[in-house]
Each structure stands twice: as structure tokens, then as C-alpha cells.
Amino acid sequence: MALRFRRPRGTEDILPERAGHWQFLEARIRNVMSRFGYREVRTPILEEAELFVRSVGEDTDIVSKEMYTFQDRGGRWMALKPEGTAPVVRAYLEHGFHRQGGLVKLYYLSPIFRYEKPQAGRYRQSHQFGAEAIGSGEPALDVEVIDLAMSIYREVGLSNFALLLNSVGCHKCRPAYREALLRFARAGQDQLCEDCRRRMEVNPLRILDCKEKGCRRTMVKAPVFSDYLCPDCRAHFEEVQGSLRDLGIPYRVEPRLVRGLDYYTRTAFEVVHGGLGAQNAIGGGGRYDGLVEELGGPSTPALGFAGGMERTLMALEAEGRLPERDEQVEAFVAYTDDPGKEVFPKVLSQLRRAGVGADGAYTVQSLKAQLRQANRKGARYVVILGGEELRRGKVVVRDMRRSEQEEVPLEEVLGFMSNKDRSVWGPQKYKGGR
Ligand SMILES: [Zn+2]
Ligand SMILES: [Zn+2]
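Residues numbered from 1 in each chain as written. Chains lettered and ligands numbered in written order. Predicted model: local features only at pLDDT ≥ 70, side-chain atom pairs only at ≥ 80, totals over all residues. Heavy atoms only, no water.

What about the domain arrangement of the chain?
Let me state the cut-off plainly: Residue ranges for the domains originate in an automatic or database domain assignment.
Split by domain assignment, the chain resolves into domain 1 (16–173 + 229–318) and domain 2 (331–427). A C-alpha centroid distance of 49 Å is found between domain 1 and domain 2.

Have a look at this one:
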């Protein structure tokens, strides 16, 4: 059979087995986020394209090459969101969070869309988790966000990851660095890719972000920001590093780690994983003291970070730390003949109403085939409905783990939830529940 429809290129169907991993990851992320005092915000998949042109920048690959844009029926240019920060800042302003004063801490889990060349680990729809802390310029907040990111990676089960750190200065000290970088880039421009040659006059910092081999090789010797930081930026950077050491968070200063846009300021960081090869970043973030103002709000210091769900899962896989799948049902109800079939829906329904995860085959099959299904679903118990036992008011309950079975009065099976203590159903799960 030729398939009539396939999923769009660069997208994934997350099938039930995998979805368990996603749920695990999402649950851990939510847990850490709320423990750090971040609250969830959910913004639309769609935004005005202009939002990202203004925030991410027109000359970035994300906006100029990778963004999914289209005109809607009203003639407005829309974009599927290519990243998570701009929509959160847009929502922050639109709902007047800035008028409440003080620090606002938000997190999100969201799909993002980028029209990338499909290749291993790159998707056109991928998923990010991220946090934004808006309203303070204190170095302590930089450290909180870094601590948050590191805690998430640690608590999902990773250990083979490292923190790279840099400062990208401020509007006062950046021009001198930019000038030095531009001089360096001009001198070596034969080695640079076409994109970099084109954008170097507009924004030479972006060359440091370029993934082309020639550009990377050339820029290894480029001037470093640390030689150009103003006294305030230097003090900020030193305070961040001091606190990281106090908290016992190891880091490495990576002098050519930049974020290319003007509203990025001071702290920039990246988390890399040792098991992912060349594309080893699993998350990154930093200060963006200029962004709120860039999007029409008052000047407001802020920072954030974002991590990739797919990459984090790849990292977990590389470390062999993906969780085993959970049991999906506790009980499987099987029937072998017509009398069994007759009571089957009622037994199943009553088990579920009593709080027991239960399922059945819904077709007459051999008991052996049904036991196989029960096994696949991870059922601990199989309730076997057979005419002969039912005539005596009984059913067979089989404990799959112990490979034992016994006859139990039908009434007792159905009433077991009101009598958990002598329940045959997974005592470890229900013990002490009352
Ligand atoms: Zn500065
Ligand atoms: Zn380049």
C-alpha cells in the first residue's frame, strides 16, 4: 500500500513509547521551575512576524532563512514562533506586568519552528523549555538562572555536561570590541563564508556564531571581549563568577561565546553535553537588558535561558539515562466466551471508576493471546472472565509478576477499592493510602 499522506519533512510523530520520555522530562522541568519560583506562561504558536524581526534581528539566519512566515487571509504577515523569548516579553508588556514593578519570573514549554535542512537532531518543529526573569540587573539573578538551568539538567538525570560562560559587555563597551573585531574580520575576510562577509560590516559579532568551518578556524584568533569590558561589566562578570564558585557550580570561561544582537548584554552562557558530537549545545541563555525596550516597553533589565527538549533527550539517551516506561495499566480484563463477554464491559468500567487503570482486548481471542497483550501493556493483574467460573459467581485473577492465579468472588474484585488493605491489586501502590 502506497501511503497517501506522510508527516511534513523535519517533523516527528512522538509515539506512545517515546511520549513517556517526554512526559518524564516535562514533569521534571516543571518541578524545578516552580521550585525556583517561575510560573508558566503559554503564548500562541503564531505571532506577527515583525515581533521576531525586531527581537531576533533581521540579519540572523533564524529570521532571514529559517522562519516560517506567511500572509494570513487578512493580509497580515505572521510567523510560527522560531524561539520563545520574544513572545514571552511581548506578553509581559501586553498584560502590564511591567506596571506591577518588581521581578517577574516566567517559564514555558513550547514547540518552535525553523525551516532547517533536515538532518540528524534537527527538526523543523522542535521543542524548547525556557525561563525568563524580567526586572532586575543584579548579578545574583544571572546566577539564579544558571543554577536553574544546571538543576534541570542534573535532575533529569544528566551528568556529562558543562557550563560555558562569557560576558558580552554593554552599550558602553561593546562599540570598541565591535570595532576591533571588524578590523580582525576585514583582515581575514578571504577565509570567511559569503554570509559572514556580507554581514560583517553590519554586525561582526555574528561571525563568532557562524558554524562554517572556515569562519570558525579564522575566528579562533579573534580578539576577546574580556579585554574590552568596561569597569561595570567587569565587576558584574566577576560577581557572577564568584557566586558560581560559592554555589559550587563549575564553569569554564569561553571568551568567544557571544550572542550577536545589540540587546544582549553582559552574561552569556551555554550548556554543552559531552555525548553529542559537534552540535553539542543542549541549552543556553544570558542577559538581554535591551530587549524589553526594543519591543516598546520601558528600559528593563532581564535575562533568560532556553533548552532543547530533543537535544536533552538525545543527551539522556547518550548517557543511558532514559527512564524505563511506566506501567500503563494495572489490570487487564480478558474473556474467553459469551458469558464472559457479557460482563466484560461492566467489570472494566467498574474497575476504572474505582481508580484502577484497566484495559481489555475487545475481541474474542485465545487466552494466550490476551495474556500477551496484558504483558505488553505492563498489566500486573489479569482478570479472566469465563462462563464456568461466572456461574459460581467467581472470576480468575492472575498475578502476572508472580505467575500465580486464584479464583476470587466477582463481588470482591469490584469492591476492592473500598477495601484497599486486603487488595490483591498492587499493595505497594495502595498501602497506607487511607
Ligand atoms: Zn560595559
Ligand atoms: Zn561564516
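Read on for the rest.
Details of the pairing of strand β4 (residues 77–80)
Which entries qualify depends on this criterion: Any two strands are treated as partners once DSSP identifies two or more bridges connecting them. Counting from the N terminus, the helices are the DSSP runs of H or I reaching at least four residues and the strands are the DSSP runs of E reaching at least two.
The pairing of strand β2 (residues 46–48) with β4 spans 3 bridges and is classified as antiparallel. Looking at β4, one finds that L46 is bridged to L80. The sheet contact formed by strand β3 (residues 69–71) and β4 spans 3 bridges and is antiparallel. For F70, the partnering residue across the bridge sits in β4 and is M78. In this antiparallel pair of consecutive strands, β3 and β4, the connection spans 5 residues, and G75 shows a positive phi of 80°.

Points about the coordination of the zinc ion (ligand 1)
Ideal geometry at a metal centre: 109.5 degrees between donors when four sit tetrahedrally, and 90 or 180 degrees when six sit octahedrally. In plain terms, the rule: Distances up to 2.8 Å from the metal define which N, O and S atoms are donors, and 3.2 Å serves for Na, K and Ca; water is absent from the atom set, so sites may look incomplete. Sites are called tetrahedral only when four donors show all angles between 85 and 135 degrees, square planar or octahedral only when four or six donors show opposite pairs over 155 degrees and all other angles between 65 and 115, and irregular in any remaining case. Burial classification: accessible surface area is computed with a 1.4 Å probe over protein chains only, and a residue below 20% of its type maximum counts as buried, one above 50% as exposed, and the rest as partly exposed.
Every protein donor of the zinc ion (ligand 1) is listed here as C170 (SG), C173 (SG), C230 (SG) and C233 (SG), and their distances to the metal cover 2.3 Å. Angles of 100 to 115° at the metal separate the 4 donor atoms of the zinc ion (ligand 1), which places the site in the tetrahedral class. As a motif over one chain, the donors of the zinc ion (ligand 1) read C-x2-C-x56-C-x2-C. Considered together, C170 and C173 belong to a single accessibility category, that of buried residues.

Considering the sheet that holds strand β16 (residues 404–409)
Adjacent strands of a sheet pair through backbone hydrogen bonds, lying either parallel or antiparallel. Cut-off, in case you're wondering: A fitted line through C-alpha atoms serves as each axis, taken over the contacting stretch for helices, and the angle formed by two N-to-C directions is quoted from 0 to 180°. Every residue pair with non-hydrogen atoms within 4.5 Å of one another is taken to be in contact.
The strand order across the open sheet built from 5 strands is β13-β12-β14-β15-β16, with neighbouring strands paired in mixed fashion. Here the strands that pair on one side only, and so sit at the sheet edges, are β13 (358–360) and β16. Averaged over neighbouring strand pairs, the angle between their axes works out to 25° when direction is ignored. Taken strand by strand, helix α13 (residues 338–353) contacts β12 (331–335), β13 and β14 (381–385), and its axis lies near 170° from that of β12.

With respect to the nonpolar core
Using the following cut-off: Within this scheme, the nonpolar core is defined by two criteria: the residues are buried Ala, Val, Leu, Ile, Met, Phe, Trp, Tyr or Cys, and they are joined through side-chain atoms within 4.5 Å.
Among the nonpolar cores identified, the biggest contains 65 residues, and M33, Y38, L148, I152, Y153, F269 and F305 are the most heavily contacted of them. The leading source of residues in this core is helix α6 (residues 139–155), at 9 residues. Setting aside residues no more than four positions away along its own chain, Y38 makes contact with M33, K105, L106, Y107, A131, E132, A133, E144, V145 and L148. In terms of nonpolar packing, the next biggest core, distinct from the first, is built from 18 residues, V356, L385, V397 and V413 among them.

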